[in-house]
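# Structural characterization, general
Okay, here's what each chain looks like letter by letter:
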Amino acid sequence: MPDHMKQRDLLLFYAELYKPPGDAVYEVISHPDFRTELEQASGAALNDCCDLPSLSSLKEEFRSLFSSSSQNGISLIESFYKPWTTDQTAALPFAQSKGMMMGDPAWHMRYLLEEIGLNSSYDPMFYPDHISVILELAAFLLEEQETDKFTLLVSQHLNWLDDLVEAIRKQKKDSLYLKLTELLNKFVNEFTICNQSFDRLKEDSVC
Amino acid sequence: MGQYRMLVDVTKCIGCYSCRVACQMENDLPPDQSYISFCEVEKGEYPNVEWVMHRFSCLHCEDAVCEKVCPQNAISYSQTGAVVVDQEQCIGCEYCEKNCPFGRAKVELCQDKEGNSVSRANKCTLCNGKVLEGMTPACASTCYTEAIVFGESDEILQKAEQRLAEVKDRYPDANIYNPEGVGGTHTIYLLAHKPEEYDLESDATTPASAIIWKDYAQPLGKLLLGATTMAVIGGAISNRLFNKGEHHEGGE
Amino acid sequence: MLKPVSRRSFIKASAATAAAVSLTSFDMHSWMASASADEKAAISKIPTTCNGCSSQCGMIAYTKNGRLWKLEGHPDHPRSKGTLCARGHGYATLIYSKERLEQPMKRMENGKYEPISWEQAFKEIGDKLKEIIKEHGPESVALVQDPRPTGNVYATRFIKALGSPNYYTHHVACNNSRDTGFNHTIGGVPSADIANSSYIMFIGRSYGDGIRPSSMSALAQAKENGAKVIIVDPRKNNTSPFADQWLPIRPGTDLALVLAMAHILIEKDLYDAGFIEDHATGFEEFKKEVKQYTPEWAEKVTGIDAQTIKTIATDMAQLKPKAVIEQSWRGAFGCNYKNSTETGRAVALFNAMLGNIQQEGGYIFGASAGLGDLDPDQFPAPQEPDAVKDGEEDFPLAPRGRGVANIVPLRAKEGKMKAAFYHHSNAALGYGNPEYYKEALNEMDLVVTIDVQMSETALLSHYVLPEPSYMERDDAVDGVGGGTAAVVLRQKAVDRVHPNTKPADEIFTELAKASGVGEYFTFTLEDYNKAAVEPLGITMDELREKGSIPLEDKKAEIGTVPEFNTPSGKVEFASQTFEDAGFNAVPTWIPPLVEPKNGSYRLTTGKQAIHSHTQTANIPMLMQITKDYDLERLWMNRQEAKKKGIQDSDLVEVSSDSASSTVKVKLTDRLHPETVYIPSHYGITSKYLTTAKGVGFSYMEHVPFHFQPMSGCSMIHEVIVDVRKVDA
């Protein structure tokens, strides 16, 4: 399998990982070759982790970390980690605050999905800037071999994983989600390291 | 000479904070930053007590110290009479904050165009942009008791005199706060008590040293040393010459 | 291998191509720059209504590219008249808050909440409800809400459809005592024509604290015209800059003041005899009763000197009918004391003695909008239930429609009330003692909360159903009564942020279907709205465009005294209904239930301009004001504090028979020495509301679970506390 398809599968795995866990994702995690394939596809090393939890304890872990029904639930939505808008004309007090929903990233993501024609069938968990949606879009771009667009997307819409890693670490140091998110972050950082901007891409100075 | 003035009539303020929130909306301020601060004054003893809420923001001096000490020329006078900060020029050196005789200029964390956090002077603009478009500042337009009114300079001065006459019976010490020492201001206050009750100096003035800095030292220095070095030197001068020390923020 | 086999993909890629989007648009920064530059195309102006408090002022929401951009007061709405208060601006930030309810939840056996689907929620609630009704009858089910337009239509219909009479509102902890008093004397609650009045007395009500922009500007207008304004309040409240005189009355004795003022009018023959002759009954009995309430007697009770009482009563009589005691809401007699209903009666009757009813500068019964309703032939309405509303026999005088909401936990403890729905209501923190509520709601078989955030009441519920915020949904058309009535619409200004929320109209419709009474919910919200505006000659399109439309043909008639909505059709100075209920026919002095002594204090409470009940406490920009200025502090009279060695901002312990709380203290000369005062918006305990949790304490924790005898109100000021300094 070519590298970009391996990376695509890696992203699709992660897209599943950040949804409430079910059999499919568990099957992947519990596979004996999981760690090897993961490290190969991402080109990074997984930090040592915990024992493999049972599916039911994985479900409980997901609920306590990410569910809005748990107190201090960690957000998986990009807008939450970024200033709400950079629109200088927005006459709202929270315009530049973090921690709000439907910020610029959501708006941009919604635009991209609509324009590309990636319709979401009604899904109660659908937020345009939910991490899983971003990952699915990134996977799609890899599949289409749209490397520049992929790089832009990943560098601009997944550049908040440091904060996500920190948030998980604060709640549970030995979480499987922590280790896996750290790895995703390393993978993503390869693309964000030079803080891609469109101008640079144009100048063909991609690093 | 600017054309507009704002009158804050503390005898009509009920302390509802609507102006603060409307201002935050207009100026995209986060919840914990405000151009307006409040202080309560209680005079007398139960049950013969008067309560006054003082809503305080930049006075927009005619002869503004902050404008004089700014090494970046980031502070200027608008044709409306407002004293405004150009945040793109500002480098967050805090001279304005340290030298404002009223403690109103503040350097706070703001967001630049790229969304990065940077220290910038951050204060009331008298809604300069709105006023230039013929509108009223956000605080004045949301004030339903007319404790904040905005209008042509002379009309506002007249209104202030008229209100002063009306409230003298109830507040014998009432006065209009429009200090001569800074050339008069574009936000003036009808105070119910002596300025000192609100932590204001009766005779606030522009220090001579600030004038010297602005008019002589700074242009020369910039020419010779470049702005950044001057900023460092300027910091030392300004602190030594006319730093008032810690300002007591009324009510905060 | 990494790609999971049975994926639940969010996005469907069937006919998609990334080539459809240019590389420039893929760059968020350049895309943002072009999108926000295109201002004209992107900005919409949507008239709607605020939900920051019960006034529900009209406002204009500006959105840019579908997101909220800025807010202004609606110039045509009778309550905002173009301006908004701090809450109006700030509460809208709720839309984008992380701490909202996002999906239906169910409490599991371990006490934790699990997200569930709407289908599961409706089915389980419906099944449980059918089971409860089968076993215990529909009278074992109740519905409680702080009414809003959609709830007024749907929630009331839902509970009726279930066959239960048990519909209740939040007024039990608001103005039901006042209303009970007013209803049985002058047949309803008019509004004071403040702007045109020459002499205005406020009892407990503070326009400067419980803000409605139009009321505040009316008062400013009255002052401009030279009106005299008196505030009667143990606290020199924030209206005081507009008051000429403060009467620091002993809390709980307002009734004595008003009775003594009535005494003066009678003794000096200063009342409007013509009005009484034509429009009142029972005046002779009343005269006889108030003979004993001399100003000298009142001075001893209220602490206000007799001469002041005489002067005020006389001055008001001289300026009648342009003199008025403002009707207030919760103020001092909405639900506060054992005698509050009697205070309500006395206030209404004193105004009647001034002959100010339906006179300029007096009490005006407003015109109502006269909305239409659904055609019952097309959409059959549920029958009125046979059973009597629970609580009506205990409190026959209380406003019937609203009921006594605290009956629900009482009956739950008795094992009689099995199921309750709480819609837009944080009853467990706001209506009665929270400990009592907790125990009671835990006894029930089914508690469902419908709200936007995880309130204390939601945390006592088996199911929590999320609504979109008021900025993200359409509500039912609403009528606003007044001098000129208006029809108003709350409409969706922005897209739903949380896709898995449902508005109340859909929730109640689905709940009805799941409970087997879906035949009463075959209409849509739009059907109702069309029917509502139909008799007004206005179309929904017009209303959507304008948001708030004054009805020029629905104006209050000034100068003509109406027939009163009482059994006699007249103002009832003596009420047979009161006598039948076991009370005095005429208002009589009743002392407060409890009295402070030996250095203890009455705990009193009230509103602040920046908050509404407990619903705004989790809004960062409003709560930040509280934090910046320590607004959650307990107020204490400076001299009293000195006696106890307490200094400003010291930490103190406030303890009553019910609870003990720790809070910082604010020393002031603006407070009667017999009371300590705590603002009513704090003491949030829900861990889901991280901005609000842990700030201040809730007065309700100290209020015993009890009922005002006439109106069933919570008697929120009938509590005595000790205050002592806490050693650091």
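Residues numbered from 1 in each chain as written. Chains lettered and ligands numbered in written order. Predicted model: local features only at pLDDT ≥ 70, side-chain atom pairs only at ≥ 80, totals over all residues. Heavy atoms only, no water.

Turning our attention to the overall build of chain C. Counting its secondary structure elements, chain C contains 23 helices and 28 strands. Dimensions along the principal axes, computed over C-alpha positions, put chain C at roughly 95 × 65 × 60 Å. Only carbon and sulfur atoms are counted for the fraction: they give 46% of the accessible area of chain C, which is about 24700 Å². The average position of the 79 basic charges and that of the 92 acidic charges among the side chains of chain C differ by 5 Å. (Helix = DSSP H or I, 4+ residues; strand = E, 2+ residues; numbered from the N terminus. Areas by Shrake-Rupley, 256 points an atom, 1.4 Å probe, with all protein chains shown as cover. Lys, Arg positive; Asp, Glu negative; His and termini not counted. Charge placed at Lys NZ, Arg CZ, Asp CG, Glu CD.)

In this assembly, 43 residues from chain C lie in contact with 34 residues from chain B. Summed over both partners, the interface of chain C with chain B comes to about 3100 Å²; 57% of that surface belongs to carbon and sulfur atoms. Per-residue buried area on chain C facing chain B is highest for Pro241, Tyr629 and Asp669 of chain C; these three make up 20% of the total on that side. Our count for the chain C to chain B interface comes out at 6 salt bridges. The tally of links between chain C and chain B comes to 15 residue pairs in polar contact (both at pLDDT 80 or more). Elements with a minimum of two residues in the side of chain C that touches chain B: helix 4 (86-90), helix 8 (213-224), helix 22 (620-628), helix 23 (638-643) and strand 26 (660-668) of chain C. (Contact = heavy atoms within 4.5 Å. Buried area = accessible area lost by both parts, 1.4 Å probe. Salt bridge = Lys/Arg side-chain N within 4 Å of Asp/Glu carboxyl O. Polar contact = N/O pair within 3.5 Å; in protein donor to acceptor, adjacent residues only side chain to side chain.)

Residues and elements named next belong to chain C. Taken together, 3 strands build an open sheet; the order of strands is 19-20-21 and the sheet is antiparallel. A strand with exactly one partner marks an edge of an open sheet, and here the two such strands are strand 19 (478-480) and strand 21 (548-555). Across the sheet, the mean angle separating the axes of adjacent strands is 30° when strand polarity is ignored. Alignment of strand 20 (residues 484-488) against strand 21, held across 4 bridges, turns out to be antiparallel. Looking across to strand 21, one finds that Thr484 is bridged to Lys555. (Pairing = 2+ DSSP bridges. Axes fitted to C-alpha atoms, helices over the stretch in contact; angles between N-to-C directions.)

Attention shifts here to the domain arrangement of chain C. Interface size is often expressed as the accessible area that is lost when the parts come together. All names here are of chain C. Domain annotation for chain C reports domain 1 (18-96), domain 2 (105-174 + 372-544), domain 3 (189-364) and domain 4 (601-725). Relative placement of domain 1 and domain 3: their C-alpha centres are 43 Å apart. Contacts between domain 1 and domain 3 engage 10 residues on the former and 4 residues on the latter. Regarding the contact of domain 1 and domain 3, the summed buried area is about 540 Å², with carbon and sulfur atoms giving 49% of it. On the domain 1 side of the interface with domain 3, the three residues burying the most area are Ser55, Arg79 and Arg87, jointly 56% of the side's total. Where domain 1 meets domain 3, there are 0 salt bridges. Of the residues contributing to the side of domain 1 that touches domain 3, the split by class is 4 nonpolar, 3 polar and 3 charged. (Domains from an automatic or database assignment. Nonpolar A, V, L, I, M, F, W, Y, C, P; charged D, E, K, R; others polar.)

Turning our attention to the packing of aromatic side chains. Centre distance and the angle of the planes are the two values used to describe a pair of aromatic rings. All names here are of chain A. Evaluated as defined, the whole model comprises 43 aromatic pairs over all chains. Between Phe187 and Phe191, the aromatic rings sit 5.4 Å apart at their centres with planes inclined by 75°, giving edge-to-face as the arrangement. Taken together, the residues span about one helical turn, with Phe187 and Phe191 both in helix 9 (residues 176-192) at a distance of 4 residues. Each member of the pair Phe187 and Phe191 is classed as buried. (Phe/Tyr/Trp six-rings, centres within 6.5 Å; stacked < 30°, edge-to-face > 60°. Buried < 20%, exposed > 50% of the residue type's maximum accessible area, 1.4 Å probe, protein only.)

It is a probe the size of a water molecule, rolled over the atoms, that shows where empty space is left. Summed over all chains, the structure comprises 13 cavities of 30 Å³ or more. Of the volumes computed, that of the largest cavity is approximately 490 Å³. Taken together, 35 residues line the largest cavity, and the ones lying closest to its centre are Asp146, Asn426, His613, Thr614 and Gln615 of chain C. It is helix 16 (residues 427-430) of chain C that contributes the most residues to the lining of the largest cavity, 3 residues altogether. Of the pockets and cavities examined, the second largest cavity occupies roughly 250 Å³. In terms of lining, the second largest cavity is formed by 22 residues, of which the most central are Tyr17 of chain B together with Asn238, Gln608, Leu631 and Trp635 of chain C. (1 Å grid on protein atoms, 1.4 Å probe; cavity = no way out; pocket = protein on both sides within 12 Å on 5 of 7 lines; lining within 4 Å. Points joined across faces, edges and corners; volume = space filled by probe spheres on them.)

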